[in-house]
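Residue strings, one per chain:
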Amino acid sequence: MLKKIDKIMDFLEENFVFITLLSMLLIVFANFIFRYLFGSPITWGEEASRYLMIWATFIAASLGVKKGAHITLDILVVYLPEKANRILRAISYILSMIYCVVLIVIGIPFINSLIEKGQLSPALHMPMHIVYLAVLVGTIFMFVRYVLLFISDIIKSEQVEKPEIFVD
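Residues numbered from 1 in each chain as written. Predicted model: local features only at pLDDT ≥ 70, side-chain atom pairs only at ≥ 80, totals over all residues. Heavy atoms only, no water.

## Some points on the overall build of the chain
Next up, step 1: A count of helical and extended segments in the chain gives 5 helices and 0 strands.
Next up, step 2: Here the C-alpha atoms of the chain give a radius of gyration of 20 Å, more than 25% beyond the 15 Å that 2.2 N^0.38 yields for 168 residues.
Next up, step 3: Each of the three principal axes of the chain carries a C-alpha extent, and together these read 65 × 40 × 30 Å.
Next up, step 4: Looking at the chain residue by residue over its 168 residues, the buried ones come to 31%.
Next up, step 5: Nonlocal contacts in the chain, meaning residues at least 24 apart in sequence, comprise 74% of its contacts between residues at least 6 apart.
Next up, step 6: Carbon and sulfur atoms provide 72% of the accessible area of the chain, an area that totals close to 11300 Å².
Next up, step 7: In the chain, which carries 14 positive and 14 negative side-chain charges, the distance between the mean positions of the two groups comes to 5 Å. (Helix = DSSP H or I, 4+ residues; strand = E, 2+ residues; numbered from the N terminus. Rg over C-alpha atoms; globule rule 2.2 N^0.38 Å. Buried < 20%, exposed > 50% of the residue type's maximum accessible area, 1.4 Å probe, protein only. Contact = heavy atoms within 4.5 Å. Areas by Shrake-Rupley, 256 points an atom, 1.4 Å probe, with all protein chains shown as cover. Lys, Arg positive; Asp, Glu negative; His and termini not counted. Charge placed at Lys NZ, Arg CZ, Asp CG, Glu CD.)

## Brief notes about the side chain of Ser121
Next up, step 1: Of note, Ser121 is situated in the loop between helix 4 (82-117) and helix 5 (128-155).
Next up, step 2: Since its relative accessible area comes to 1%, Ser121 is described here as buried.
Next up, step 3: A distance of 2.7 Å separates the side chain of Ser121 from the side chain of Glu47, its partner in a polar contact.
Next up, step 4: Each residue touching Ser121, except ones within four places of it in the same chain, is listed here: Glu47, Tyr51, Met126 and Met128. (Polar contact = N/O pair within 3.5 Å; in protein donor to acceptor, adjacent residues only side chain to side chain.)

## Points about the side chain of Glu13
Next up, step 1: Note that Glu13 resides in helix 1 (residues 2-37).
Next up, step 2: Here Arg145 takes part through its side chain, which lies 2.5 Å from a polar atom of the side chain of Glu13.
Next up, step 3: When residues no more than four places from it in sequence are discounted, the contact partners of Glu13 are Ile59, Ser62, Leu63, Phe141 and Arg145.

## What about the confidence of the model for the chain?
Next up, step 1: The share of residues in the chain with pLDDT of 70 or more is 92%, and the mean pLDDT across the chain is 90.
Next up, step 2: Between the elements of the chain, mean pLDDT differs from a low of 75, seen in helix 3 (residues 75-79), to a high of 95, seen in helix 5. (pLDDT = per-residue confidence, 0-100.)

## Re helix 1
Next up, step 1: The end-to-end C-alpha separation of helix 1 is 51 Å, in line with the 52 Å expected for 36 residues at 1.5 Å each.
Next up, step 2: Taken residue by residue, helix 1 has Asp6, Met9, Asp10, Glu13, Val17, Thr20, Met24, Ile27 and Asn31 as its buried positions.
Next up, step 3: Contact partners of the buried residues in helix 1: helix 2 (45-67) and helix 5.
Next up, step 4: A positive phi of about 75° marks Gly39, the residue just after helix 1. (Expected span 1.5 Å × (residues − 1).)

## Section: the environment of Ile108
Next up, step 1: Within the secondary structure, Ile108 sits in helix 4.
Next up, step 2: On the basis of relative accessible area, Ile108 is assigned to the partly exposed category, the value being 42%.

## Observations regarding helix 2
Next up, step 1: Between its terminal C-alpha atoms helix 2 stretches 32 Å, which fits the 33 Å expected from 23 residues at 1.5 Å a residue.
Next up, step 2: Immediately beyond the C-terminal end of helix 2, within one or two residues, lies Gly68, with a positive phi of roughly 70°.

Here it is in structure tokens:
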């Protein structure tokens, strides 16, 4: 069941980030062409690319949790025995889950207030709650990732995916 949830999240996150970044690239390129070749930029291009970047960033943050790509201080990990490392990882996962819950609890009323206000973006005239929803959705995805990590790493003692790049 956990592996199925993990695969679904991988599919959603990777494809969403790819599509949003590709869309952003195409919009910025088109805006460049229109601005410098035709002298008339796409009026909504910068705003759309900015909002796409925000969505890609917060969804990719969840993928970063799975890949272990977030910044960590691992000086203790090197010198502590495995049992102490496991306790430290458990504390880290729990604190991260608490942080996500706090953001979710704060974010839901904030999104609701934006929906009530009906604020629109300047160029696209889209509801601003869609932009801010990226933070909430990304945080929910991160929370699910931390729960999956906690279960697989701490409860089941399975080997978790390590970051591909180590900086010495």
